[in-house]
Amino acid sequence: HTKEIKQSPAANLAVTLAGRLPGLTSVQRSGEPGRDVTQLFIRGLGTINAQAPIILVDGIERELTYIDPNEVESITILKDASSTAIFGVRGANGVILITTRRGVSETPAINFSAEMGMQDFPRLITPVNSYEFATLRNLAQRNDGIAETFSDEAIELYRSGSDPLRYPNTNWNELLFKDFALMNRYNLNVSGVSRFVKYFVNAGYLHQGGQFNIEPGLAYDPSAKLDRYNFRSNIDIQLNKTLKATLNIAGYFERQNMPTGIFKPQLFPDLNGTLSSQSPVADILRYMNMLPATVPGPTAPDGSVVTAGDVIHPAYGQLNRSGYIQQSRSNVTATYGMEQGLDFVTKGLSAKVLMSFDSRLTNNLFANKNYEKSLQVIDRNRPDADGRDSVYYVPFNSDRTTPLAISGSRFFTTLSNVQAYLNYNRSFGDHAVTGLLLFQQQKSIIDEALPYNLRGLAARLTYGFRDKYFFEFNGGYNGSEQFSKENRFGFFPAVSAAWNISNEPFLRDNRLI
């Protein structure tokens, strides 16, 4: 329920489900703002290829990541074969049902909430200081029988810290990271019930900051951060005693910012494909650990970025001097449905139709630039004015600082869905019977690619006797044009039975149970 979900102040709804639902495993591989996509598995891996469960939001297949926890009424997991059979082969990895909130009280309810959280790396590599690095490097070289890099005098200067220009002790973790990143969420919703209308309207804002220390005075912003705006409007209208209409409209707009790092056209010709599966932040972390504490930094007197001889992309330069990437994502979802009671045909019978349309747009802005890198040189043959070894800097390579080069791309996805239901629910004394017949047609279009279609029929029949003995049959007949004609459709039946022993007279009042 909403109260339980909101106890975890996470930007991603999938993250909040960890440890709250039996049989659900969540794997989060990144905490970067806007890229904290969480993999969900129900009872482990069920298939070789697609392994994610189906996510149904109010009966329509949609994303879980971008749903505001304040919009959620309940979350249910379907993991048994009998409950997922109506979804056919696509239900092999289970199903997650999300029901969003609707109006329930005749007195209008207005709720506002403000949350603040702090995020931090659960673990970071803690490198050795310059004295320890020099000592261990000499030990390794001595064990290999090769000449040692650092003299006894240099090791002592690293230990004492008396000459930080020539013998520094650079803590790259403190230089590049803040202690924590702030996250803020604000939410306002209104709900209520009138004579003929139920309504729930929600609007929210989320800001997720990054943990990098950004160089002051830059003409652009390379920080890692996310800003998201979301809304939802659920309206139910009782048109007459037997006819009800439903209109659900929701959406979000979010902007994710990040440093360019090494994501440049000359290194990655397909920047869009690379960005969908990788992050420049991961390379910044990787290269940060390549520079030892003996390398001064982060910049030389002329403003160039200091690096070591074998580090082509120093972390400080990737973060601050390479430019930025800005990805804007928007999604609008709409569902319209009507439900007609058919008690005039037979009591307990009803029909329902749902139509939905989703559109998703992603816009990538790439602003990249080159920057100058340099190496520190200590010349023992040229003492400076105070008699110490002179220090100067030489170019690392031929790179020169360039203006920002702007490029971009755009992606568009649509999803349409039509569903028709015939429901039956009736009790005859000790007997309870329910039935469902469902037709569904779904079409997905990604950019200029051919549509991806799904079509199917599903049926469910249940019988219960005195709330003690239960029988259920489920079947799905569905398929897609992605398969050959002779293997396009398949039938997936399931049968189950249950005995509620606690309702038996010999156990109903048993004090031991």
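This text goes with the structure placed above it.
Below is a short write-up of the structure. Computed from a predicted structure; not experimentally measured. (Residues numbered from 1 in each chain as written. Predicted model: local features only at pLDDT ≥ 70, side-chain atom pairs only at ≥ 80, totals over all residues. Heavy atoms only, no water.)

### Overview of the overall build of the chain
Tallying secondary structure elements over the chain gives ten helices and 21 strands in all. In terms of C-alpha radius of gyration, the chain reaches 31 Å, well past the compact-globule figure of 24 Å for 513 residues. In terms of overall dimensions, the chain has a C-alpha envelope of 105 × 55 × 55 Å along the principal axes. Within the chain, the fraction of its 513 residues that count as buried is 42%. When contacts within the chain are restricted to residue pairs at least 6 apart in sequence, long-range pairs at least 24 apart make up 67% of them. Carbon together with sulfur atoms contributes 57% to the accessible area of the chain, which is approximately 27600 Å² in total. Of the charged side chains in the chain, 50 are positive and 49 negative; the average position of the first set lies 9 Å away from that of the second. (Helix = DSSP H or I, 4+ residues; strand = E, 2+ residues; numbered from the N terminus. Rg over C-alpha atoms; globule rule 2.2 N^0.38 Å. Buried < 20%, exposed > 50% of the residue type's maximum accessible area, 1.4 Å probe, protein only. Contact = heavy atoms within 4.5 Å. Areas by Shrake-Rupley, 256 points an atom, 1.4 Å probe, with all protein chains shown as cover. Lys, Arg positive; Asp, Glu negative; His and termini not counted. Charge placed at Lys NZ, Arg CZ, Asp CG, Glu CD.)

### Considerations on the pattern of salt bridges
The final tally for this structure, using the stated rule, is 20 salt bridges. For Arg159, the salt bridge identified is with Glu156, shortest N-O distance 2.6 Å. Taken together, the positions of Arg159 and Glu156, both in helix α5 (residues 152-160) and three residues apart, correspond to about one turn of that helix. With a relative accessible area of 48%, Arg159 lands in the partly exposed category. (Salt bridge = Lys/Arg side-chain N within 4 Å of Asp/Glu carboxyl O.)

### Topic: a nonpolar patch on the surface
On the surface, Phe231, Leu247, Ile249, Val332, Tyr336, Val353, Met355 and Val418 cluster together into a nonpolar patch covering about 620 Å² of accessible area. Put simply, the parts of the chain that give the nonpolar patch at least two residues each are β11 (243-259), β13 (323-341) and β14 (349-368). (Patch = residues over 30% accessible without salt bridge, like charges linked within 9 Å, V, L, I, M, F, W, Y side chains within 5 Å.)

### Here's the deal with the packing of aromatic side chains
Taken as a whole, this structure holds eleven aromatic pairs when the rule is applied. With 6.4 Å between their ring centres and 80 degrees between their planes, Phe133 and Phe150 make a pair best called edge-to-face. Of this pair, Phe133 sits in helix α4 (residues 130-143) while Phe150 sits in the loop between α4 and α5, placing them 17 residues apart in sequence. Comparing Phe133 with Phe150, the two get one shared label, buried. An aromatic cluster of three or more residues is present, and its members are Phe133, Phe150, Tyr158 and Tyr167. Taking the ring centre of Tyr421 as reference, the NZ or CZ of Lys352 above it sits at 5.7 Å. The ring of Tyr371 has Lys373 sitting right over it, with the charged end atom 4.5 Å from the ring centre. (Phe/Tyr/Trp six-rings, centres within 6.5 Å; stacked < 30°, edge-to-face > 60°. Lys NZ or Arg CZ within 6 Å of the ring centre and 35° of its normal.)

### Considerations on the packing of α4 against α5
The N-to-C vectors of α4 and α5 enclose an angle of 155 degrees; their axes lie 8 Å apart at closest approach. On the basis of the axis angle, α4 is roughly antiparallel to α5. Residues Ser130, Tyr131, Ala134, Thr135 and Asn138 of α4 form the contact with α5, whose participating residues are Ile155, Tyr158 and Arg159. Considered class by class, the residues forming the contact of α4 with α5 number four nonpolar, three polar and one charged. (Axes fitted to C-alpha atoms, helices over the stretch in contact; angles between N-to-C directions. Parallel < 35°, antiparallel > 145°, perpendicular 65-115°, else oblique. Nonpolar A, V, L, I, M, F, W, Y, C, P; charged D, E, K, R; others polar.)

### Focus on helix α8 (residues 280-288)
Restricting attention to buried positions, one finds in α8 the residues Pro280, Val281, Asp283, Ile284, Tyr287 and Met288. The arc that holds every buried residue of α8, seen down its axis, measures 160 degrees, which confines them to one face. For α8, the N-terminal capping position is held by Ser279, with its side-chain oxygen 3.1 Å away from the main-chain nitrogen of Val281. (Arc of directions from axis to C-beta. Polar contact = N/O pair within 3.5 Å; in protein donor to acceptor, adjacent residues only side chain to side chain.)

### Comments concerning α4
Its 14 residues give α4 an end-to-end C-alpha distance of 20 Å, which sits within 8% of 20 Å, the value for a rise of 1.5 Å per residue. The complete set of buried residues in α4 reads Ser130, Phe133, Ala134, Asn138 and Gln141. One side of α4 holds all its buried residues, which, seen down the axis, span an arc of 125 degrees. Among the structural elements, α5 are those in contact with the buried residues of α4. Its side-chain oxygen at 3.2 Å from the backbone nitrogen of Tyr131, Asn129 defines the N-terminal cap of α4. Immediately downstream of α4, the backbone of Gly145 shows phi near 75 degrees, a positive value. (Expected span 1.5 Å × (residues − 1).)

### Side note on unusual backbone geometry
Most peptide bonds take the trans form, and the phi angle of most residues other than glycine is negative. Between Gly297 and the following residue, Pro298, the backbone shows a cis peptide bond with an omega angle of 10 degrees. Relative to the elements of secondary structure, Pro298 occurs in the loop between α8 and β12 (305-306). Not every positive phi belongs to a glycine, and Asp447 is a case in point at roughly 50 degrees. Despite not being glycine, Arg466 has its phi angle at roughly 55 degrees, a positive value. Residue position: Arg466 is located in the loop between β19 (452-465) and β20 (469-480).

### Examining the sheet that holds strand β6 (residues 95-100)
The sheet built from four strands is open, its strands ordered β4-β3-β6-β5 with mixed pairing. Of all strands in the sheet, those with a lone pairing partner are β4 (60-61) and β5 (72-78), marking the two edges. Examined bridge by bridge, strand β3 (residues 54-57) and β6 share four bridges and lie parallel to one another. When the bridges of β6 are listed, Ile55 appears paired with Ile96. (Pairing = 2+ DSSP bridges.)

### A short note on the pairing of β3
With burial as the criterion, each face of β3 is covered, one bearing Ile54 and Leu56 and the other bearing Ile55 and Val57. Where β3 meets β4, two bridges bridge the pair, whose relative direction is antiparallel. Of the residues in β4, the one forming a bridge with Val57 is Ile60. Adjacent in sequence and paired antiparallel, β3 and β4 are bridged by two residues, among which Asp58 carries a positive phi angle near 55 degrees.

### A word on the nonpolar core
Residues Leu176, Phe212, Met288, Leu291 and Val295 are the most contacted members of the largest nonpolar core, which totals 20 residues. Element by element, the count of residues in this core is highest for α8, at four residues. With residues up to four places along the chain from it excluded, the contact list for Leu291 reads Trp172, Thr307, Ala308, Val311 and Pro314. Core analysis: the second largest hydrophobic core is formed by 16 residues, Ala14, Ile55, Val72 and Ile98 among them. (Core = buried A, V, L, I, M, F, W, Y, C linked by side-chain atoms within 4.5 Å.)

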